[in-house]
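Architecture and fold: a report
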Amino acid sequence: MHHANQFYGHTFVLARYCDMPDPDHPQRIDGYLQHGWNIGDGLAPGVPFVHGSSLFVWSERTRRRAWSQGRRDVVAIGAPFAYLLQMESHLQAEPERAGTIFYPFHGWEGQQILGDHRRLAREIAETEQGLVTVCLYWNEHQQPAIRAVYADAGFRVICHGRRGFWWRGQDREFLVRQLAELRRHRRVASNRLTSAIWYGLLAGCEAAVYGDPMVLENADPTFGGYPRISSQWSALHGRQTDLAECRALARQELGADLLAGPAELRVLFGWQETWAEAHAAAGRAGLGRANGEGAGARIAAEQAVIEDARGAVHV
């Protein structure tokens, strides 16, 4: 399994959704899972790709772009965040929202951000009303000088956790923390259009993209970069945006209307055999009607869905 499949706890979220027997244990996905909002084919530029592998992307738009670039076996399944939101939406009452959560553009292990954080902090202070939370990516959060810029401006400074890298350091609760913070805030903003903006919109926030966009060192311009993003998704850029239009775009980009059922995802990811064996074992162990006799009924009832899903793998 490619190590990026576990970024931000994505695999753990999807394992919970699929009712896997040990959702806290990393599940191997048979293919590549898009790990962040992407204006290309769903993969980060330069990612080695094993020919014939499935590529699981968030949206139909991304699936079409991947197809145009020669990718096959591409399936649009929706973003892991959308699955988390579906699982959690009925468990918690809608909180009272206040203030803004701002996500400065960030770097990662291989590339750093070039830009003026003090200038951005001033722009935030001039624009936002009420309390402001600045959420730094772990790469910037571990730098005291950058944290101090935003703290000195009077902002609350947080970090959702570590993304993980090469199968180590994955924070499986990353998206859970992010959803909780987004639900606390009336508005989400950033100086770049990124996953966090789309997530905030899907979670009920107003959204805006403004301020010094900064630069990622040695950025790959293959898919058009910032000029294309600011042009193609201009509706999200500016200090005030049209909420209805932005939310409609978020549903498209996150594939919120494409979510697969648990049985379908298990087949697509290669998890069905593990799930069926666990439920059959529960029945043999005599763990009660719900986990035993009921398990056999659940397995039988899902066969039609599973057969349909098998037909969708080679799209």
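Residues numbered from 1 in each chain as written. Predicted model: local features only at pLDDT ≥ 70, side-chain atom pairs only at ≥ 80, totals over all residues. Heavy atoms only, no water.

1. Brief notes about helix H3 (residues 80-88)
Put simply, the rule reads: Between buried and exposed lies partly exposed: a residue is buried under 20% and exposed over 50% of the maximum accessible area for its type, with that area taken using a 1.4 Å probe on protein chains only. Segments assigned H or I by DSSP are reported as helices when at least four residues long, segments assigned E as strands when at least two residues long, and all are numbered from the N terminus. The contact definition used throughout considers only heavy atoms, calling two residues in contact when any of these lie within 4.5 Å.
Among the nine residues that make up H3, eight are buried, leaving the element largely enclosed by the rest of the structure. Turning to H3, its buried residues are Pro80, Phe81, Ala82, Tyr83, Leu84, Leu85, Met87 and Glu88. Buried residues belonging to H3 abut helix H1 (10-17), strand S1 (32-33), helix H7 (174-184), helix H8 (195-202) and helix H11 (262-269).

2. So, the environment of Asp41
Inspection of the secondary structure assignment puts Asp41 in the loop between S1 and strand S2 (55-57). Judged by relative accessible area, which is 5%, Asp41 ranks as buried. Sequence separation of Asp41 and Trp67 is 26 residues, and the distance between their C-alpha atoms is 7.9 Å. Apart from residues no more than four positions distant in its own chain, Asp41 is found in contact with Leu55, Val57, Thr62, Ala66, Gln69, Arg71 and Phe223.

3. Re the state of the cysteines
As a reminder of what qualifies: By disulfide we mean two sulfur atoms from cysteines, separated by a distance within 2.5 Å.
Per the counting criterion, the structure on display carries zero disulfides. In this structure Cys135 is a free cysteine whose sulfur lies 5.9 Å from that of Cys159, the closest cysteine sulfur available. Classification of Cys135 as buried rests on a relative accessible area of 3%.

4. Section: the sheet that holds strand S7 (residues 156-158)
To summarise the sheet geometry, strands pair through backbone hydrogen bonds and adopt either a parallel or an antiparallel arrangement. Where we set the bar: Pairing between two strands requires that DSSP report at least two bridges joining them. Axis angles are defined between N-to-C directions and span 0 to 180 degrees, where every axis is a line fitted to C-alpha atoms and, for a helix, only to the segment in contact.
Spatially, five strands are ordered S7-S6-S4-S8-S9 in an open sheet, and the strand pairing comes out parallel. The open sheet has two edge strands, S7 and strand S9 (206-209), and neither has a second partner. The sheet shows a mean angle of 20° between the axes of neighbouring strands, direction not considered. Of the pairings in the sheet, the one linking strand S6 (residues 132-135) to S7 comprises three bridges and is parallel in character. Note that in S7 the partner of Thr133 across the bridge is Arg156.

5. Regarding unusual backbone geometry
Positive phi, close to 60°, is recorded for Tyr8, a residue that is not glycine. Examined against the element boundaries, Tyr8 turns out to sit in the segment before H1. Of note, the phi angle at Asp19 is positive, near 60°, even though the residue is not glycine. Residue position: Asp19 is located in the loop between H1 and S1.

6. A few points about the packing of H8 against helix H10 (residues 243-253)
To describe two helices that pack against each other, one gives the angle between their axes and the distance between the axes. We apply this condition: Here the angle decides the label: under 35 degrees means roughly parallel, over 145 means roughly antiparallel, 65 to 115 means roughly perpendicular, and every other value means oblique. By the definition used in this description, the sense in which the near helix is turned from the far one sets the handedness, with an anticlockwise turn below a right angle giving left-handed and a clockwise turn giving right-handed. Charged residues are taken to be Asp, Glu, Lys and Arg, nonpolar residues to be Ala, Val, Leu, Ile, Met, Phe, Trp, Tyr, Cys and Pro, and polar residues to be all remaining types, Gly included.
Running from N to C, H8 and H10 cross one another at 110°; their axes reach a closest spacing of 9 Å. Relative to H10, H8 is oriented roughly perpendicular. Where H8 crosses over H10, the handedness of that crossing is left-handed. Between H8, through Trp198, Leu201 and Leu202, and H10, the contact on the second element is made entirely by Leu243, Cys246, Arg247, Leu249, Ala250, Arg251 and Glu253. Its residues placed into classes, the contact of H8 with H10 shows seven nonpolar, no polar and three charged.

7. What about the pairing of strand S4 (residues 100-103)?
Neither face of S4 is exposed, since Thr100 and Phe102 on one face and Ile101 and Tyr103 on the opposite face are all buried. Relative to strand S8 (residues 187-190), S4 is paired through four bridges, and the arrangement is parallel. Bridge pairing links Phe102 to Ala189 in S8.

8. Some remarks on the pairing of S9
Short version of the rule: Call a crossover right-handed when, viewed with both strands pointing away from you, the route from the first strand across the helix to the second goes clockwise.
Relative to S9, S8 runs parallel, the two sharing four bridges. When the bridges of S9 are listed, Ser190 appears paired with Val209. Each parallel crossover has a hand, and for S8 linked through H8 to S9 it is right-handed.

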